[in-house]
Amino acid sequence: MTLMRLDKYLSDATAFSRRELKSLIRSGQVHVGGKVIKSPEYQVESDSQVTLKGEAVCYRKFVYLMMNKPAGFISATEDGNAPVVTELLPEEYRHFGVFPAGRLDKDTEGLLILTNDGQFAHQITSPRKQVWKRYFARLDASASAGDAEIFTHGMDLGDFIAAPGHLIVTGIPEEVFVEITEGKFHQVKRMCAKVGKNVIYLKRCAIGGLTLDGKLQPGQCRELTADELEMLKDAPLPPLEETALR
């Protein structure tokens, strides 16, 4: 348990500004353990029973969200020229200051994790952590077993050497799955281009053991469960048949 100021507790748990919260506290609209508290400096524990304006408040320092990213949005918190994924968040999550854990290109769709936990984001995005990511790609030409073999040996992309990955050809030769542990700038597109194929559609469908929730429409998000958080860090990629493509 963590001790903190009451206004800090409420700031982390609600969308009110610190100034608004101080006014609400001083006007007697906050209860701790059933007692009215009028001091913003009052020390509370993270599991304290707090109500604001008669409604129970649940403290959370960190949030972890799964989003089905649509095309046309930048994986960032702000951009002067294009809409960003944080604009898609429901109001209840905006005050947490979440950011994308990793990135997807503007025209790429699919599984994107947003959080305000920097250490967790590093765990799932650092190439040294070896967290596999799976993408579905539609190509402008048929992929072959020879192309798949090239992927297994890594690839010189000029500015860096891509680690070995997997190219899995489906029953439709122009549709493939690509699995990599990195995810550097345009990496999937560049690896496919290296074997003479242009990507015309790209969607990330799994990170670690976590697959995109097929019930999420483009632009929608939901919180991750405790089990899903562990899947992100430690589990292998799920079987292909569990992959959501729609």
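See the structure printed just above.
Residues numbered from 1 in each chain as written. Predicted model: local features only at pLDDT ≥ 70, side-chain atom pairs only at ≥ 80, totals over all residues. Heavy atoms only, no water.

## Some remarks on the pattern of salt bridges
Should their charged atoms come close, side chains of opposite charge can pair. Applying the stated rule across the entire model yields 14 salt bridges. Arg 103 is the partner of Asp 105 in a salt bridge, and the nearest nitrogen-oxygen pair spans 3.4 Å. For Asp 105, a relative accessible area of 9% puts it in the buried group. For the salt bridge of Arg 222 with Asp 213, the shortest nitrogen-to-oxygen distance reads 2.8 Å. Residue class for Arg 222 comes out partly exposed when judged on its relative accessible area of 24%. One connected set of salt bridges, linked through shared partners, spans Arg 5, Asp 7, Arg 18 and Glu 41. (Salt bridge = Lys/Arg side-chain N within 4 Å of Asp/Glu carboxyl O. Buried < 20%, exposed > 50% of the residue type's maximum accessible area, 1.4 Å probe, protein only.)

## Focus: the side chain of Glu 179
Residue position: Glu 179 is located in strand S14 (residues 175-180). Residue classification places Glu 179 among the buried residues on the basis of a relative accessible area of 7%. Polar side-chain contacts of Glu 179 include one of 2.9 Å to the side chain of Arg 134. A polar atom in the side chain of Glu 179 sits 2.9 Å from the side chain of His 166. Setting aside chain neighbours within four positions, we find Glu 179 in contact with Trp 132, Lys 133, Arg 134, Gly 165, His 166, Ile 168, Leu 237 and Leu 240. (Helix = DSSP H or I, 4+ residues; strand = E, 2+ residues; numbered from the N terminus. Polar contact = N/O pair within 3.5 Å; in protein donor to acceptor, adjacent residues only side chain to side chain. Contact = heavy atoms within 4.5 Å.)

## Focus on the pairing of strand S15 (residues 199-207)
Of all 9 residues in S15, 7 are buried, a share of seventy percent or more. Alignment of strand S9 (residues 109-115) against S15, held across 2 bridges, turns out to be parallel. Bridge pairing links Gly 110 to Arg 204 in S15. As judged from the 7 bridges shared by strand S10 (residues 133-139) and S15, these two strands associate in the antiparallel manner. Opposite Tyr 135, over in S15, you have Arg 204 as the bridge partner. Examined bridge by bridge, S15 and strand S16 (residues 210-211) share 2 bridges and lie antiparallel to one another. Bridged to Ile 207 within S16 is Leu 210. Count of turn residues in the S15/S16 antiparallel hairpin: 2 residues, of which Gly 208 carries a positive phi of about 55°. (Pairing = 2+ DSSP bridges.)

## Regarding helix H5 (residues 145-152)
Among the residues of H5, Asp 147, Ala 148 and Phe 151 are the ones counted as buried. When H5 is viewed along its axis, its buried side chains cluster within an angular range of 100° and face the same direction. Check the buried side of H5 and you find it contacts strand S11 (155-156), strand S13 (166-169), S14 and helix H6 (187-194). One or two steps after H5, the chain reaches Gly 154, where phi turns positive at roughly 80°. (Arc of directions from axis to C-beta.)

## Quick word on the packing of aromatic side chains
All chains considered together, the criterion is met by 4 aromatic pairs. In textbook terms, an aromatic cluster arises when at least three aromatic residues are bridged by ring pairs, as seen for Phe 136, Phe 177 and Tyr 201. (Phe/Tyr/Trp six-rings, centres within 6.5 Å; stacked < 30°, edge-to-face > 60°.)

In short, the description is geometric, and any link to function would need to be established separately.
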